[in-house]
Amino acid sequence: MSKAFTKESDATDEDDDVAAPTLPAGGKNYVTPQGYARLRAELLHLLDVERPKVVETVSWAAKNGDRSENGDYLYGKKRLREIDRRIRFLTKRLDIAEVADPSAHHGSDRIFFGATVTYATAKGDERTITIKGIDEADSLAGEVSWIAPIARALLKAREGDEVQLVTPAGVETIEVLKVAYPAPAH
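Our subject in this report is the structure included herewith. Nothing here was measured: the structure is a model prediction, and the numbers come from that model.

What counts, and where the lines are drawn
- Residues numbered from 1 in each chain as written.
- Predicted model: local features only at pLDDT ≥ 70, side-chain atom pairs only at ≥ 80, totals over all residues.
- Heavy atoms only, no water.
- Pairing = 2+ DSSP bridges.
- Helix = DSSP H or I, 4+ residues; strand = E, 2+ residues; numbered from the N terminus.
- Axes fitted to C-alpha atoms, helices over the stretch in contact; angles between N-to-C directions.
- Expected span 1.5 Å × (residues − 1).
- Bend = angle between axes of the 7 residues up to and from the residue.
- Buried < 20%, exposed > 50% of the residue type's maximum accessible area, 1.4 Å probe, protein only.
- Contact = heavy atoms within 4.5 Å.
- Salt bridge = Lys/Arg side-chain N within 4 Å of Asp/Glu carboxyl O.

### Regarding the sheet that holds strand 4 (residues 126–132)
- Taken together, five strands build an open sheet; the order of strands is 5-4-3-7-6 and the sheet is mixed. Because the sheet does not close on itself, it has two edges, and the strands there are strand 5 (143–145) and strand 6 (162–167). Taken pair by pair, the neighbouring strands of this sheet meet at an average axis angle of 45°, ignoring direction.
- Bridge count for strand 3 (residues 116–121) against strand 7 (residues 170–180) is six bridges, and the pairing is antiparallel. For threonine 116, the partnering residue across the bridge sits in strand 7 and is alanine 180.

Structure follows, in structure tokens:
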């Protein structure tokens, strides 16, 4: 049957995660305590604030009669589906999340999850990245996912080590200059 003749509710749960970053087969969903708290706060906000507000709007709009031309009703139903999709996604991710506190490695010169690493390329360019979880990495803030090629190349290396990074342009040698972890909370 053509996709044009199916209802949106016919979509499976797998369709919900199309744009979501995927975990490697058998991989764990590592996340920092701060990242877990952010995801949980977003889930609770959607459940306690956003969804009830939209349900109220849709309920009000449904009482106004003809739903086919009712913008509040149509937009509200669409927004409700988006919220429900995000709630399902967050619930799944939080269920399989494995919280790893990077401060446990404070003072170490070896690279593990949560490390902030400064490295130099063969051209002499220095870059600093922080290795985070898939659901919390923000490339604009210099954060990369632990499954990113640069993170995979750096994991378990130490300060002063040279590692090989496979890029589309070929293999590049990078040198680890500095490794830092957040200090443990007291």
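Text resumes after the structure shown.
### Quick word on helix 1 (residues 33–62)
- Here helix 1 contains 30 residues, and its C-alpha end-to-end distance of 42 Å stays within 8% of the 44 Å for a straight helix at 1.5 Å per residue.
- A bend of about 40° at leucine 46 is the largest found in helix 1.
- Along helix 1, the positions that sit buried rather than exposed are Gly35, Leu39, Leu43, Leu46, Glu50, Val54, Val58 and Ala61.
- Each element contacted by the buried residues of helix 1 is listed here: strand 1 (29–31) and helix 2 (71–96).

### Considering the pattern of salt bridges
- Taken as a whole and assessed by the stated rule, the structure comprises nine salt bridges.
- Its salt-bridge partner being arginine 38, residue glutamate 136 comes within 3.7 Å of it at the nearest N-O pair. Here the residue glutamate 136 occupies a position in the loop between strand 4 and strand 5, and arginine 38 occupies one in helix 1, the gap between them amounting to 98 residues.
- Of the residues examined, arginine 38 reaches a relative accessible area of 49% and is grouped as partly exposed.

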